[in-house]
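Reading the structure
Chain residues, written in single-letter form:
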Amino acid sequence: MSLTKQLVNLKGDLKNLNNTIEELIITLEQGQSPQNEEPDFELPAKPKIKLEDVRKELAKKASEGHSDEIRKLLKTYGAEKLSDVDPKDYEDLFLEAQGVGQ
């Protein structure tokens, strides 16, 4: 997912959050208890970043001439190569890789 698309999604999520907060404030000002109400929204499921996603992004950045920066980035995760990176760090690595060269 591109950074632009993530920002657009974040903008929409923040608008929804703002609307919910405004509704909560109105409810509290009216002296009603919102505790018994079920939320009428669900947070969108966060897409899980897979090894293949990270590999593709790193390869893209390397082909754009940022190989040295990619190596340094991997080292910040204590890895010499992608297979050495802890899977819990894939999302952070992916997001940082998207910023390489910008």
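Residues numbered from 1 in each chain as written. Predicted model: local features only at pLDDT ≥ 70, side-chain atom pairs only at ≥ 80, totals over all residues. Heavy atoms only, no water.

**Structural notes on the overall build of the protein chain**
A tally of regular secondary structure across the protein chain gives 4 helices and 0 strands. Mapped in sequence order, the helices and strands of the protein chain form the string α-α-α-α. Taking 2.2 N^0.38 as the reference for a compact globule, 102 residues should give roughly 13 Å; the C-alpha atoms of the protein chain span a radius of gyration of 20 Å, well beyond that estimate. Principal-axis analysis of the C-alpha atoms places the extent of the protein chain at approximately 60 × 25 × 20 Å. Within the protein chain, buried positions represent 21% of all 102 residues. Restricting to contacts in the protein chain with at least 6 residues of sequence separation, those with at least 24 account for 63%. (Helix = DSSP H or I, 4+ residues; strand = E, 2+ residues; numbered from the N terminus. Rg over C-alpha atoms; globule rule 2.2 N^0.38 Å. Buried < 20%, exposed > 50% of the residue type's maximum accessible area, 1.4 Å probe, protein only. Contact = heavy atoms within 4.5 Å.)

**Considerations on helix H4 (residues 90-99)**
All of the buried residues along H4 are Tyr 90, Leu 93, Phe 94, Ala 97 and Gln 98. Looking down the long axis of H4, one finds its buried residues gathered within 140° of arc, a one-sided arrangement. The inward-facing, buried residues of H4 abut helix H1 (3-29), helix H2 (51-63) and helix H3 (67-76). The first or second residue beyond H4 is Gly 101, which carries a positive phi of 85°. (Arc of directions from axis to C-beta.)

**Things to note about the packing of H2 against H3**
Between H2 and H3, whose axes approach to 7 Å, the crossing angle comes to 145°. Taking contact as the criterion, the partners of Leu 58, Lys 61 and Ala 62 in H2 are, on H3, Ser 67, Ile 70 and Leu 74. Considered class by class, the residues forming the contact of H2 with H3 number 4 nonpolar, 1 polar and 1 charged. (Axes fitted to C-alpha atoms, helices over the stretch in contact; angles between N-to-C directions. Nonpolar A, V, L, I, M, F, W, Y, C, P; charged D, E, K, R; others polar.)

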